[in-house]
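Residues per chain are reported as follows:
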Amino acid sequence: MTDFAITEPAAVHLPVAGTDAVFPVRRVYCIGRNYAAHAIEMGHDPDREPPFFFQKNPNNLDPSGEFPYPPKSSDVHYEIEMAVMLKSGGDNIPLDHALEHIFGYALSLDMTRRDLQGEQKAMGRPWEIGKAFERSAPVGIIHTVESVGHPESGQIELSVNGDIKQQGDLNQMIWKVPEMIAYLSEYFTLDAGDVILSGTPAGVGPVKRGDVMQVAIEGLGLMEVSVV
Ligand code: MN
């Protein structure tokens, strides 16, 4: 038994469809502006500039179905994203071997304090207080590659209280999932338990307490998240 000098922090475990086994989370990488229409709505040129990533914390991932409205913001936005869960990793992963490292996929949300993110952008500062706050990444059950394959096209759609707000197709990603894995592995050592949020289509907008977000990706089912 390890003798911990302080209370051991709780490990982050996510549910997997069809099994009682859970997926342990190591790191969370999120790509920015990966759908052209969303890049345009955020005021950027959607040309294929190099990808960029920020990170959330493993324990920001939350499968509970509830999203507590965070403090210090009055403009919290939804961003529907497909989450990619890795079962292995490495450095400098070749593009044609990238898919071999994927364990599964899940619905997820990259919830964002847009007002704080905007202030940080304007000052050239990092985005953590806008992006990596408590429970900022609601996530659905993980579907294994064995059961769903590798979703490369199909509708990605978010509604709030039944009104469609975001709609796109996975095939509109500027940087595809294997490209994200290959690129990240040039800068970081990827490993089992790493999670990549693959970007959001156009239509991001605010939520308020009492709203219910309905999140759907073709092949990955449906998730409802209540803003509390
Ligand atoms: Mn995002």
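For the structure itself, consult the block above.
Residues numbered from 1 in each chain as written. Predicted model: local features only at pLDDT ≥ 70, side-chain atom pairs only at ≥ 80, totals over all residues. Heavy atoms only, no water.

### Some details on the overall build of the protein chain
This is how the line gets drawn: A run of H or I in DSSP becomes a helix once it reaches four residues, and a run of E becomes a strand once it reaches two; helices and strands are each numbered from the N terminus. Think of it in three bands: residues with accessible area under 20% of the maximum for their type are buried, residues over 50% are exposed, and the middle band is partly exposed, with areas taken using a 1.4 Å probe on protein chains only. Any two residues whose heavy atoms approach within 4.5 Å are treated as being in contact. Here the Shrake-Rupley method, with its probe set to 1.4 Å, supplies the accessible areas, and only the displayed protein chains count as covering residues. In this tally Asp and Glu are treated as negative and Lys and Arg as positive; neither His nor the chain ends contributes. Working definition for charges: the position is that of NZ of Lys, CZ of Arg, CG of Asp or CD of Glu.
Within the protein chain one finds five helices and 18 strands. Dimensions along the principal axes, computed over C-alpha positions, put the protein chain at roughly 45 × 40 × 40 Å. Relative to its 228 residues, the protein chain shows a buried fraction of 50%. Excluding contacts between residues fewer than 6 apart, the proportion of contacts in the protein chain whose partners are at least 24 apart in sequence is 76%. Entry remark: accessible area of the protein chain is about 10,700 Å², with carbon and sulfur atoms responsible for 52%. Where the 17 positive side-chain charges of the protein chain centre and where its 32 negative ones centre are 7 Å apart.

### So, helix H5 (residues 177-187)
The element H5 is largely enclosed, with a buried count of eight among its 11 residues. When H5 is considered as a whole, its buried residues turn out to be Val-177, Pro-178, Glu-179, Met-180, Ile-181, Ala-182, Leu-184 and Ser-185. Tucked into the core, H5 has its buried residues touching strand E3 (28-31), strand E4 (53-56), strand E8 (80-86), strand E9 (102-109) and strand E15 (195-197).

### Focus on the coordination of the manganese ion
Heads up, the condition is: Shown as donors are all N, O and S atoms within 2.8 Å of a metal ion, widened to 3.2 Å for Na, K and Ca; because water is not in the atom set, sites may appear incomplete.
Around the manganese ion, the protein contributes the donor atoms Glu-79 (OE), Glu-81 (OE) and Asp-110 (OD), at 2.0 to 2.1 Å from the metal centre. Each donor residue of the manganese ion belongs to the same chain, with the gaps between them written as E-x1-E-x28-D. With Glu-79 in the loop between strand E7 (76-78) and E8 and Asp-110 in the loop between E9 and strand E10 (112-113), this pair connects stretches of sequence that are 31 residues apart. Asp-110 carries the same exposure label as Glu-79, and that label is buried.

### A closer look at the sheet that holds strand E14 (residues 163-169)
Stated precisely, the cut-off is as follows: In short, DSSP must find at least two bridges between two strands for them to pair.
The strand order across the open sheet formed by five strands is E6-E18-E17-E13-E14, and the pairing between neighbours is mixed. Of all strands in the sheet, those bounded by a partner on one side alone are strand E6 (66-67) and E14. Sheet topology note: the strand E13 (residues 155-160)/strand E17 (residues 212-217) ladder contains five bridges and is antiparallel. Opposite Glu-157, over in E17, you have Ala-216 as the bridge partner.

### A word on unusual backbone geometry
Most of the time, phi is negative for any residue but glycine, and the peptide bond is trans. Residue Asn-92 is not a glycine yet carries a positive backbone phi of 50 degrees. Tracing the sequence through the fold places Asn-92 in the loop between E8 and E9. In the Ramachandran plot, Asn-161 falls in the positive-phi region, its phi being about 55 degrees despite a non-glycine side chain. Following the sequence through the fold, Asn-161 ends up in the loop between E13 and E14.

### Side note on the pattern of salt bridges
Two side chains bearing opposite charge may form a pair once their charged atoms approach each other closely. Inclusion rule: The salt bridge definition used is simple: a Lys or Arg side-chain nitrogen within 4 Å of an Asp or Glu carboxyl oxygen.
With the rule as written, the count across this model stands at seven salt bridges. With its nearest N and O atoms 2.8 Å apart, the salt bridge here joins Lys-56 to Asp-110. Of this pair, Lys-56 sits in strand E4 while Asp-110 sits in the loop between E9 and E10, placing them 54 residues apart in sequence. For the pair formed by Lys-56 and Asp-110, the shared burial category is buried. With a closest N to O distance of 2.7 Å, Asp-62 and Arg-135 form a salt bridge. Taken together, the residues Asp-62 in strand E5 (residues 61-62) and Arg-135 in the loop between helix H3 (128-131) and strand E11 (137-138) connect sequence positions 73 residues apart.

### Things to note about the nonpolar core
Rule in force here: Only buried residues count toward a nonpolar core. Its members are Ala, Val, Leu, Ile, Met, Phe, Trp, Tyr and Cys residues joined through side-chain atoms within 4.5 Å.
Membership of the largest hydrophobic core comes to 42 residues, with the highest contact counts inside it found for Leu-109, Met-111, Val-177, Ile-181 and Met-213. Contributions of two or more residues to this core are made by E3, E7, E8, E9, E13, H5, E17 and strand E18 (221-227). Dropping the residues within four chain positions of it, Ile-181 is found in contact with Leu-86, Ile-93, Ala-98, Ile-102, Leu-190 and Ile-196. Of all hydrophobic cores here, the second largest spans 18 residues; its members include Val-12, Ala-83, Met-85 and Ile-142.

### Notes on the side chain of His-143
Our working rule: Any N or O atom pair separated by 3.5 Å or less is treated as a polar contact, with the protein-specific requirement of one donor-capable and one acceptor-capable atom, and with residues adjacent in sequence counted only for side-chain atom pairs.
With respect to the helices and strands, His-143 occurs in strand E12 (residues 143-144). One polar contact links the side chain of His-143 to the main-chain carbonyl oxygen of Leu-220, over a distance of 3.3 Å.

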